[in-house]
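Architecture at a glance
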Amino acid sequence: MNTLNRRQWLQRGSLASLIAITGGAPKLAKATTFQPRPILPDQPVRLSANENPYGPSPKVREAMIKHFDQACRYPRTYLKQLVTKLAEKEGVTTDHIVVTGGSTEGLKITGMIYGQGGKEIIAADPTFQALMRYAEQFGGHVHRVPLNDRLEHDLKAMENRITSQTGLIFLCNPNNPTGTLLPAEQVKDFCESAAKKTVVFSDEAYYDFIDESDYPSMVELVKKDANVIVSRTFSKVYGLAGIRIGYLIARPDIADRLKEKVVAFTNTPALFAATAALDDPDFYRFSLEKNTAAKNQIYQTLDDLNLEYIPSQTNFIFFKTGQHIHDFSQKMLQEGIAVGRPFPPYYNWCRISTGSLQEVGAFNDALKRVMG
Ligand SMILES: Cc1ncc(COP(=O)(O)O)c(C=O)c1O
């Protein structure tokens, strides 16, 4: 089966939608806009959890409502259509796909399987912790390898940590909380080499936001039967964080092992939501455009305030406040803005999610007041 890269997937989707709109010959479609969820009165603006306030899209809403009555059925009844679509999108077979309750469930079961019984997990520090925390609960030992001076994964140091006890290496690329992306060739070489010695997990929750064209997904290595597991989610660019659906892509024997450990799984409305989201390229593109606009507005404010930050390949930005995050987040909360949690040892840095342009405006104003 051929792979569809990100651009081809988009082009294909947009062509389909153009044909649907025009009923035949592709013409220029009018740009669609989607309304963000309103800022709730008496609630802080939530820029703390890397959500997408424009979702769920109207097409997703329609699909969920249309199929609402099917919620009396267990989700397995409706799993196949989504898995088939995902397999086509990723260029793998349906046996490579494991659907989970958000990608967090995929991360947790992987941590449990590959960490239990005193196995070692190697991960950058700081990074997204779900897999490692779960591994530790099941007796795994986690080697946390500090990020380098550019706040990127130190791949060499990570590879040097591999021993006969290593159960898995965890890569979060782009990384949460720093928003950094590993150079394409470097990450491919690293994963190829490490996967000969242990299992490599590539958390690609923010893959869609990468603005380097044709940046490789580690699904490429899954297709070569490498010991690689990739996770993806519908929570970010598709705006379905509250609906809880994500998936893993792995060699069928690894996928079978993972499927056995799924606990929460997903739910029937989520399957319809995710299937509709994949058929909604307008919303996908809109989300990316808004994210870029929001990031640019935040960069501008950070530049105006002379605050250091890391250019981000995600829907959040890590920037240096120069004060302890506990104090800073309190001050921001008083201004009505919830910012990201502390990420030790970077106590004088803050992670801010993009949010709607209105929310970003509120953040920018609050930041100017707080920074004096
Ligand atoms: C890197 C990374 N992976 C996975 C997740 C989990 O997302 P979900 O469980 O909603 O799919 C997040 C959520 O913020 C994340 O930042």
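Worth saying up front: this structure is predicted, and the values here are computed from it rather than measured.

All right, on to the nonpolar core then. Judged by nonpolar contacts, the single largest core of 91 residues is most densely connected at Val99 and Phe234. When residues of this core are assigned to domains, at least three map to each of domain 1 (62-278) and domain 2 (283-370). In this structure, Phe234 is in contact with Leu82, Leu86, Gly239, Leu240, Ala241, Ile245, Gly246, Tyr247, Ala274, Ala277 and Leu278, ignoring residues within four places of it in sequence. Ranked by size, the runner-up nonpolar core spans 21 residues in total, among them Ile298, Leu302, Ala366 and Leu367.

Of the two faces of strand β2 (residues 97-100), the one holding Ile97 and Val99 and the one holding Val98 and Thr100 are both buried throughout. Here β2 pairs with strand β8 (residues 246-250) via four bridges, running antiparallel. Residue pairing for β8: Thr100 is matched across the bridge by Gly246.

This paragraph deals with the packing of aromatic side chains. On inspection of all chains with the given rule, the structure shows 18 aromatic pairs. Ring plane angle 35° and centroid distance 6.4 Å describe the contact between Tyr206 and Phe209, whose orientation is recorded as tilted. For the pair Phe318 and Trp349, a centre-to-centre distance of 5.2 Å together with 25° between the ring planes defines the contact as stacked. Remark: Trp349 occurs in strand β12 (residues 349-353) and Phe318 occurs in strand β10 (residues 316-320); sequence separation between them is 31 residues.

This part takes up the site of the ligand. Lining the immediate environment of the ligand, one finds 14 residues, of which Ser103, Thr104, Tyr206, Thr233 and Ser235 sit closest. Here an oxygen atom of the ligand sits 2.7 Å away from a polar atom, N or O, in the side chain of Asn176. One of the side-chain nitrogen or oxygen atoms of Ser235 is found 2.6 Å away from an oxygen atom of the ligand. Burial of the ligand by the surrounding chains reaches 92%, relative to a free accessible area of 400 Å². Of all the elements, helix α4 (residues 102-115) adds the most residues to the shell around the ligand, at four residues. Its residues assigned to classes, the shell around the ligand comprises five nonpolar, six polar and three charged.

The sheet built from seven strands is open, its strands ordered β2-β8-β7-β6-β5-β3-β4 with mixed pairing. The sheet is open, and its two borders are formed by β2 and β4 (141-146), each paired with just one other strand. Averaged over all pairs of adjacent strands, the angle between their axes in this sheet comes to 20°, without regard to strand direction. Together, β2, β7 (228-233) and β8 form the strand contacts of helix α9 (residues 252-259), whose direction differs from that of β8 by roughly 140°.

To continue, consider unusual backbone geometry. A cis amide bond links Gly55 to the next residue, Pro56, at an omega of -15°. As for its placement among the helices and strands, Pro56 is situated in the loop between β1 (45-46) and α2 (58-66). The peptide bond linking Pro344 to Pro345 adopts the cis configuration, its omega dihedral lying at 5°. Backbone geometry at Asn50 places phi at a positive 55°, although glycine is not the residue there.

Bringing the sheet that holds β10 into the picture now. Pairing in this open sheet of three strands is antiparallel, and the strands run β9-β10-β12 from one edge to the other. Looking at the sheet topology across the chains shown, the edges are occupied by β9 (309-310) and β12. Summarising the sheet, β10 and β12 pair through five bridges and their orientation is antiparallel. What sits directly across from Ile317, in β12, is Ile352.

This part covers α4. The terminal C-alpha atoms of α4, which comprises 14 residues, lie 20 Å apart, in line with the 20 Å expected from a rise of 1.5 Å per residue. Along α4, 12 of the 14 residues are buried, which leaves the element largely enclosed by surrounding structure. Residues of α4 that are buried include every one of Gly102, Ser103, Glu105, Gly106, Leu107, Ile109, Thr110, Gly111, Met112, Ile113, Tyr114 and Gly115, and no others. Just downstream of α4, Gly117 is the residue with a positive phi angle, here 75°.

On to helix α5 (residues 130-137). What α5 keeps buried is the set Ala130, Leu131, Met132 and Ala135. Each element contacted by the buried residues of α5 is listed here: α4, β3 (120-125), β4, β5 (166-172) and β6 (199-203). At the exit of α5 stands Gly139, carrying a positive phi of roughly 90°.

Attention now goes to the packing of α4 against α9. Packing of α4 against α9 leaves a shortest axis separation of 10 Å and a crossing angle of 100°. Put simply, α4 runs roughly perpendicular to α9. Facing Ile109, Thr110, Ile113 and Tyr114 of α4, the residues of α9 in contact are Ile254, Arg257 and Leu258.

Glancing now at the pattern of salt bridges. Using the criterion set out here, one finds 15 salt bridges in the structure. Measuring nitrogen to oxygen at the nearest pair gives 3.6 Å for the salt bridge that ties Lys224 to Glu192. Taken together, the residues Lys224 in the loop between α8 (219-223) and β7 and Glu192 in helix α7 (residues 184-194) connect sequence positions 32 residues apart. Judged by relative accessible area, Lys224 falls into the exposed class, the value being 58%. Here Glu192 falls in the partly exposed class, since its relative accessible area comes to 31%. Glu335 is paired through a salt bridge with Arg369; the nearest N and O atoms lie 2.7 Å apart.

What counts, and at which threshold
Residues numbered from 1 in each chain as written. Predicted model: local features only at pLDDT ≥ 70, side-chain atom pairs only at ≥ 80, totals over all residues. Heavy atoms only, no water. Core = buried A, V, L, I, M, F, W, Y, C linked by side-chain atoms within 4.5 Å. Buried < 20%, exposed > 50% of the residue type's maximum accessible area, 1.4 Å probe, protein only. Domains from an automatic or database assignment. Contact = heavy atoms within 4.5 Å. Helix = DSSP H or I, 4+ residues; strand = E, 2+ residues; numbered from the N terminus. Pairing = 2+ DSSP bridges. Phe/Tyr/Trp six-rings, centres within 6.5 Å; stacked < 30°, edge-to-face > 60°. Near = heavy atom within 4 Å. Polar contact = N/O pair within 3.5 Å; in protein donor to acceptor, adjacent residues only side chain to side chain. Areas by Shrake-Rupley, 256 points an atom, 1.4 Å probe, with all protein chains shown as cover. Nonpolar A, V, L, I, M, F, W, Y, C, P; charged D, E, K, R; others polar. Axes fitted to C-alpha atoms, helices over the stretch in contact; angles between N-to-C directions. Expected span 1.5 Å × (residues − 1). Parallel < 35°, antiparallel > 145°, perpendicular 65-115°, else oblique. Salt bridge = Lys/Arg side-chain N within 4 Å of Asp/Glu carboxyl O.

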